[in-house]
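Take a look at the letters that make up each chain.
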Amino acid sequence: MGETEKRIETHRIRCLSKLKMFLLAITCAYVSKTLSGSYMNSMLTQIERQFNIPTSLVGFINGSFEIGNLLLIIFVSYFGTKLHRPIMIGVGCVVMGLGCFLQSLPHFLMDRYEYESTVSVSGNLSSNSFLCMENGTQIFKPTEDPSECVKEVKSLMWVYVLVGNIIRGIGETPIMPLGISYIEDFAKSENSPLYIGFIETGAIVGPLIGLSLASFCANVYVDTGSVNTDDLTITPTDTRWVGAWWFGFLVCAGVNVLTAIPFFVLPKTLPKEGLEDIAEIVKNDKEEKQSEVRKKRAGITKDFLPFMKSLMCNPVYMLFILISVLQFNAFVNMISFMPKYLEQHYGKSASDAIFLIGIYNLPPICIGYIVGGLIMKKFKITVIQAAHIGCWLSLIEYLLYFLCFLMICDNSSVAGITTSYERVQQDLHVGNVILADCNMDCNCPTKIWDPVCGNDGLSYMSACLAGCETSSGTGINMVFQNCSCIQTPGNSSAVLGLCDKGQDCSMMLQYFLILSVVSSFIYSLSAIPGYMVLLRCIKPEEKSLGVGLHAFCTRVLAGIPAPIYFGALVDSTCLHWGTLKCGESGACRIYDSTNFRYIYLGLPAALRGSSYIPAFLILLILRKHRLPEKNSSSETMLEAKFTGKENEGKEMDQNSKVMNDDELKTKL
């Protein structure tokens, strides 16, 4: 008998270690997939400028990840439970690595990046031909000769990024549904929330690394090593700057491939965590064998449609999907365009914006996930309690969110676009008045964006439009003098770049970031209880399919369309578009920050507000079906109401009272 107990204990420890090994591996997979995703989101503005495409097209490229994901999500979620789940996850990680590598390829197939400028970094600057010269000629006028305007190969190179993102989405498909269902199947029910909390923490560590990598890459010039950066006339704060976006994708590719290795040595199934006596082990083995026989007899596709019908008729599950779609529409937009918002509204560089997002937002989210999982484990939270916790915490965070509308900065003062040359605020909807009396005879280009900051605190589209006649220095250190449009006593001068937004705007940014810390923590605290409502309101055999269908709906109705329509709305606030050498429009250079703020903050507020209608309906449904909770069987019966197995739940409760130890021994 001693040998039998020893064998059982050894068996239990071995299985437990394999479950912990899978937990570590799936957490690393979450780190790698979210590392790639956060890096992609952070590089959207760099990709927009590199390929000179509008924000709506960038939104489509970003949403293409969801297209790849939804191609397989339903079938992977259902058929994945019949196959070897760890191996499928490993293959997915390898495919993600391939997609990231493909996204970096355009850099190696394209010529060097050329930004629009009135100042030549390699020409003879002593001629001052780019300054205000009466009766001069525009040597930098965009060419209109058809023979010179042959469509460049790089104009379609963004397709590589699009296809690579689709492939990355295909590879990511099995990780979430199969990983979560594997943990749910083989972990104790009271440990499951804590394990999922650890996994979701990995999903925060990944973005933290990804944002750090993105911040570094955005601060390094795209063609560093092949150009002399001392000759550049732009800095990372300039809207024409493009960072080394391609380097991070190569790093992500390597990390994804390395993450795949452990999954190829993990078993297909494990005994349920916590089985400590021979009776339960034998019973579990017998049930598994019987289950496998039933699956083989029934066939692999027989239950698919019944499972789908059962999920569609589950009111709590369908309302939860509606909530997720509305909330995802809001958060996809906010996360995808947050770097651009910080750049345009608060005047930060892409590198600084990405770094601030990582430092202020991710640590509180990580802590919130862990605390939420610990609360669920410590107090053994029921479905009803979890629903209330998730709903009310989310509502508190939503109300705090409205304080963001008070943290505003004014538009950048650019003569001829947002203000007149006399420093009078002008109507942004009546069209720009680029030329004035002070630069009318300078023969300046009116479309090229090469801003300078005058010592009067006003920005101008170019040194020529500022009326500057002389210059000194080279590269970013150039200084322009004798500027007729700059109205200051004494010598008027200007330097390259837009003027700083001032100390008041910096303070508003600090308030915005502090509020985001509090909001991120409160919302993430509600995430685990909310997710457990989803997992516990569906049948165990439908869990993998239910999680996959939930992911499918959020991708189709939120992940794909949200960046596209939101990008189009952001484009509508553009005040000045960049100009390519053939005169076509490039990426936007400056936005109306007031309208941008209304869209960036207002639309998510409306979407999230509407999501609380189905949330309160779920609470009403749970309250209607609430039962006296004398013991754990009441929780089982409550779940049975939502899964359509109320009678089975009653029988299970009765059988648990009849079964005793003697009968168990007889069965053995």
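The notes below deal with the structure included here. Model, not experiment: these values are computed from the prediction.

## Let's talk about the state of the cysteines
Thought 1: Within this structure, the stated rule accounts for 6 disulfides.
Thought 2: Residue pairing for Cys468: its cysteine sulfur links by disulfide to Cys483, the two sulfurs lying 2.0 Å apart. The chirality of the disulfide connecting Cys468 with Cys483 is right-handed, given an S-S dihedral of about 100°. With Cys468 in the loop between strand E2 (459-460) and strand E3 (470-472) and Cys483 in the loop between strand E4 (479-481) and strand E5 (493-496), this pair connects stretches of sequence that are 15 residues apart. Take Cys468 and Cys483: they sit in the same class, and that class is buried.

## Describing empty space enclosed by the protein
Empty space among the atoms becomes apparent when a probe as large as a water molecule is rolled across them.
Thought 1: One pass over the structure, following the stated rule, counts 5 cavities of 30 Å³ or more.
Thought 2: Quantified by volume, the second largest cavity comes out at close to 60 Å³.
Thought 3: Around the second largest cavity, the lining residues are Thr45, Glu48, Arg49, Thr239, Lys340, Gln344, Ala587, Cys588 and Tyr591.
Thought 4: For the lining of the second largest cavity, the secondary-structure elements that each account for two or more residues are helix H2 (44-51), helix H12 (315-346) and strand E7 (585-591).
Thought 5: Classifying every residue of the lining of the second largest cavity gives 3 nonpolar, 3 polar and 3 charged.

## Observations concerning the pattern of salt bridges
Thought 1: Tallied over the entire structure, the rule returns 9 salt bridges.
Thought 2: For Lys340, the salt bridge is made with Glu48, and the minimal N-O distance between the two is 3.0 Å. Here the residue Lys340 occupies a position in helix H12, and Glu48 occupies one in helix H2, the gap between them amounting to 292 residues. The exposure classification of Lys340 matches that of Glu48, with both residues buried.
Thought 3: Glu397 serves as the salt-bridge partner of Arg608, at 2.4 Å between the closest nitrogen and oxygen.

## Let's talk about the pairing of E7
Thought 1: By the criterion of burial, E7 is predominantly enclosed, with 6 of the 7 residues buried.
Thought 2: With 4 bridges joining them, strand E6 (residues 574-579) and E7 adopt antiparallel strand pairing. Its bridge partner lying in E7, Trp577 is registered against Cys588.

## Brief notes about helix H14 (residues 383-401)
Thought 1: When the terminal C-alpha atoms of H14 are compared, their 27 Å separation across 19 residues agrees well with the 27 Å that a helix rising 1.5 Å per residue should span.
Thought 2: Looking at H14, one finds that the buried residues are Val383, Ile384, Ala386, Ala387, Gly390, Cys391, Ser394, Leu395, Glu397, Tyr398 and Tyr401.

## With respect to the sheet that holds E4
Thought 1: With antiparallel pairing, 5 strands are arranged side by side in an open sheet as E2-E1-E5-E4-E3. Edge positions in the open sheet fall to E2 and E3, since each of these has one partner strand only.
Thought 2: With 3 bridges connecting them, E3 and E4 associate as antiparallel partners. Within E4, the residue paired with Ser472 across the bridge is Val479.

## Digging into the packing of aromatic side chains
Thought 1: Inspection of every chain in the model, using the stated rule, returns 25 aromatic pairs.
Thought 2: Of the aromatic side chains, those joined through ring pairs into one cluster are Phe337, Tyr341, Tyr346, Phe512, Phe566, Tyr591, Phe596 and Tyr600.
Thought 3: One cation-aromatic arrangement involves Lys33 over Tyr30; the distance from NZ or CZ to the ring centre is 4.8 Å.

## Here we look at unusual backbone geometry
Thought 1: Unusually for a residue other than glycine, Asn52 sits at a positive phi of about 50°.
Thought 2: Summarising the element assignment, Asn52 is placed in the loop between H2 and helix H3 (55-70).
Thought 3: Unlike most non-glycine residues, Asn443 shows phi in positive territory, near 55°.
Thought 4: By the element assignment, Asn443 lies in the loop between H14 and strand E1 (452-454).
Thought 5: Overall, the relative accessible area of 31% leaves Asn443 in the partly exposed class.

Reading the values: the criteria
- Residues numbered from 1 in each chain as written.
- Predicted model: local features only at pLDDT ≥ 70, side-chain atom pairs only at ≥ 80, totals over all residues.
- Heavy atoms only, no water.
- Disulfide = S-S within 2.5 Å.
- Helix = DSSP H or I, 4+ residues; strand = E, 2+ residues; numbered from the N terminus.
- Buried < 20%, exposed > 50% of the residue type's maximum accessible area, 1.4 Å probe, protein only.
- 1 Å grid on protein atoms, 1.4 Å probe; cavity = no way out; pocket = protein on both sides within 12 Å on 5 of 7 lines; lining within 4 Å.
- Points joined across faces, edges and corners; volume = space filled by probe spheres on them.
- Nonpolar A, V, L, I, M, F, W, Y, C, P; charged D, E, K, R; others polar.
- Salt bridge = Lys/Arg side-chain N within 4 Å of Asp/Glu carboxyl O.
- Pairing = 2+ DSSP bridges.
- Expected span 1.5 Å × (residues − 1).
- Phe/Tyr/Trp six-rings, centres within 6.5 Å; stacked < 30°, edge-to-face > 60°.
- Lys NZ or Arg CZ within 6 Å of the ring centre and 35° of its normal.

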